[in-house]
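Close look at the chain arrangement
Each chain is listed here by its residues.
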Amino acid sequence: MESVLMHAEAASYPQHDAIIMDGNGRWASARGLPRLAGHAEGAKAVRRTVEASKKLGLRYLTLYGFSMENWKRPVREVDDLMHLFRHYLREEIAGLENEGVRIYFIGDRARLDPDITSLIETAEQKTGDNTELYLTVAISYGSRQEIVAAARQLAKEVEGGKLAADEIDENIFLGRLSTGHLPDADLIIRTSGEQRISNFLLWQAAYAELVFTDVLWPDFSGEDLRRSIEEYGRRERRYGEINN
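The structure reproduced in this document is the subject of the present report. This structure is a prediction, so every number in the text was calculated from the model and none was measured. (Residues numbered from 1 in each chain as written. Predicted model: local features only at pLDDT ≥ 70, side-chain atom pairs only at ≥ 80, totals over all residues. Heavy atoms only, no water.)

1. Structural notes on the side chain of S67
The topology assignment puts S67 in strand β2 (residues 60-67). Those residues within four positions of S67 in sequence are excluded, and the remaining contacts are S140 and Y141. (Helix = DSSP H or I, 4+ residues; strand = E, 2+ residues; numbered from the N terminus. Contact = heavy atoms within 4.5 Å.)

Written out as structure tokens, the structure is:
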């Protein structure tokens, strides 16, 4: 399949797509299954979405895997999610490495078990030279927490004489965010019908187009991704200016 990017103007095509993967629990409940079954199906949707992103010509894909607020869920569910995450890292990284996908993780790693942190570091190292698709996974992530951490880092630099307060601008601040290596999000998709961004990429989504779909994440397909990109292409992006 040819990249859709070949058939669309760059201005009407997203460079960076971010997805809030929502609806695993509802998918499972509707089928009388435990929540873990929904999360397992959600992991399959991740694989489909990565493959579709490559085919559709996306350069950057960011997935909201586990939020800071998700730590408040029942211990059993959190344990199940972490077990599934371990399994994904062990089983999928070789495939991503061979397919040209570079994977990077953002979020508070201090709250993760040491073996998970080790798997994350190994995955980043093994795929570090890949350039076909830049996949970022947000785990133990909260955008407010990320912004506060960046502000704290800048305050320390100013206090230590490494930086003058008047030197701080948007680019300097961006460099202290965990997503400093990424362009801002162009398109944010949320599945399951909810219409909010839930502490996800608040700084990076300043001019993102938001697309909400009723499709539950485990059912999300490459066709759903294509439709979201088409919706993005129909919108006029002015960045505060007036188009003649």
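2. Considering the sheet that holds strand β1 (residues 16-20)
A sheet is described by the order of its strands in space; here 6 strands give the open sequence β3-β4-β2-β1-β5-β6, paired in parallel fashion. Among the strands making up the open sheet, the edge pair consists of β3 (101-106) and β6 (209-212). Neighbour-to-neighbour, the strand axes of this sheet turn through a mean angle of 20°, independent of strand direction. The pairing of β1 with β2 spans 5 bridges and is classified as parallel. Within β2, the position partnered with D17 by the bridge is L61. Lying on the sheet, helix α3 (residues 75-98) is in contact with β2, β3 and β4 (133-141); it crosses β3 at an angle near 155°. (Pairing = 2+ DSSP bridges. Axes fitted to C-alpha atoms, helices over the stretch in contact; angles between N-to-C directions.)

3. Examining unusual backbone geometry
Although it is not a glycine, S140 adopts a positive phi angle of roughly 55°. With respect to the helices and strands, S140 occurs in strand β4. With a relative accessible area of 1%, S140 lands in the buried category. Even without a glycine there, the phi angle at N199 is positive, about 60°. Among the secondary structure elements, N199 is positioned in the loop between β5 (187-190) and β6. (Buried < 20%, exposed > 50% of the residue type's maximum accessible area, 1.4 Å probe, protein only.)

4. Focus: the environment of L182
Mapped onto the fold, L182 is located in the loop between α6 (170-174) and β5. Spatially, the C-alpha atom of L182 lies 9.6 Å from that of T62, the residues being 120 residues apart in sequence. When neighbours within four sequence positions are excluded, L182 is seen to be in contact with H16, Y60, T62 and T136.

5. As for the nonpolar core
In this structure, F105 and L135 are the most contacted members of the largest nonpolar core, which totals 41 residues. Elements supplying a minimum of two residues to this core: α2 (35-55), β2, α3, β3, α4 (114-126), β4, β5 and α7 (222-234). The element that contributes the greatest number of residues to this core is α3, accounting for 8 residues. Filtering out sequence-adjacent residues up to four positions away, L135 remains in contact with V50, L61, L63, L96, V101, R102, I103 and Y104. One finds Y141, F200, A205 and A208 within the second-largest nonpolar core, a separate group that totals 12 residues. (Core = buried A, V, L, I, M, F, W, Y, C linked by side-chain atoms within 4.5 Å.)

6. Looking at α3
Residues separated by three or four positions in an α-helix point in the same direction, a consequence of the helix having 3.6 residues per turn. End to end, α3 covers 35 Å across 24 residues, agreeing with the expected 34 Å (1.5 Å per residue, within 8%). Helix geometry: α3 is bent most strongly at E92, by close to 45°. Along α3, the residues that are buried comprise E77, V78, D80, L81, M82, L84, F85, R86, Y88, L89, I93 and L96. If you follow the buried residues of α3, they end up packed against α2, β2, β3, α4 and β4. Just beyond α3, the residue with positive phi is G100, at close to 80°. (Expected span 1.5 Å × (residues − 1). Bend = angle between axes of the 7 residues up to and from the residue.)

7. Comments concerning the layout of surface pockets
A volume near 850 Å³ is recorded for the largest pocket. Lining the largest pocket are 37 residues; nearest its centre among them are M21, N24, Y64, G65 and F66. Those elements that provide at least two residues to the lining of the largest pocket are α1 (24-30), α2, β2, α3, β3 and β4. Ranked by residue count, the leading element in the lining of the largest pocket is α3, at 6 residues. Volume-wise, the second largest pocket comes out at about 190 Å³. Split into classes, the residues belonging to the lining of the second largest pocket amount to 6 nonpolar, 5 polar and 3 charged. (1 Å grid on protein atoms, 1.4 Å probe; cavity = no way out; pocket = protein on both sides within 12 Å on 5 of 7 lines; lining within 4 Å. Points joined across faces, edges and corners; volume = space filled by probe spheres on them. Nonpolar A, V, L, I, M, F, W, Y, C, P; charged D, E, K, R; others polar.)

8. Description of the side chain of E146
With respect to the helices, strands and loops of the structure, E146 is situated in helix α5 (residues 143-159). Among the polar contacts made by the side chain of E146, one reaches the side chain of S178 at a distance of 2.7 Å. Separated by 3.3 Å, the side chains of E146 and Q204 make a polar contact. (Polar contact = N/O pair within 3.5 Å; in protein donor to acceptor, adjacent residues only side chain to side chain.)

9. Things to note about the packing of α2 against α3
Remark: α2 packs on α3, axes separated minimally by 10 Å, with the N-to-C direction vectors making an angle of 25°. Put simply, α2 runs roughly parallel to α3. Crossing of α2 over α3 shows right-handed handedness. Residues R35, L36, H39, A40, A43, V46, R47 and V50 of α2 form the contact with α3, whose participating residues are E77, D80, L81, L84, Y88, E92 and L96. Partitioned by chemical class, the residues of the contact of α2 with α3 number 9 nonpolar, 1 polar and 5 charged. (Parallel < 35°, antiparallel > 145°, perpendicular 65-115°, else oblique. Left-handed = near helix turned anticlockwise from the far one by under 90°.)

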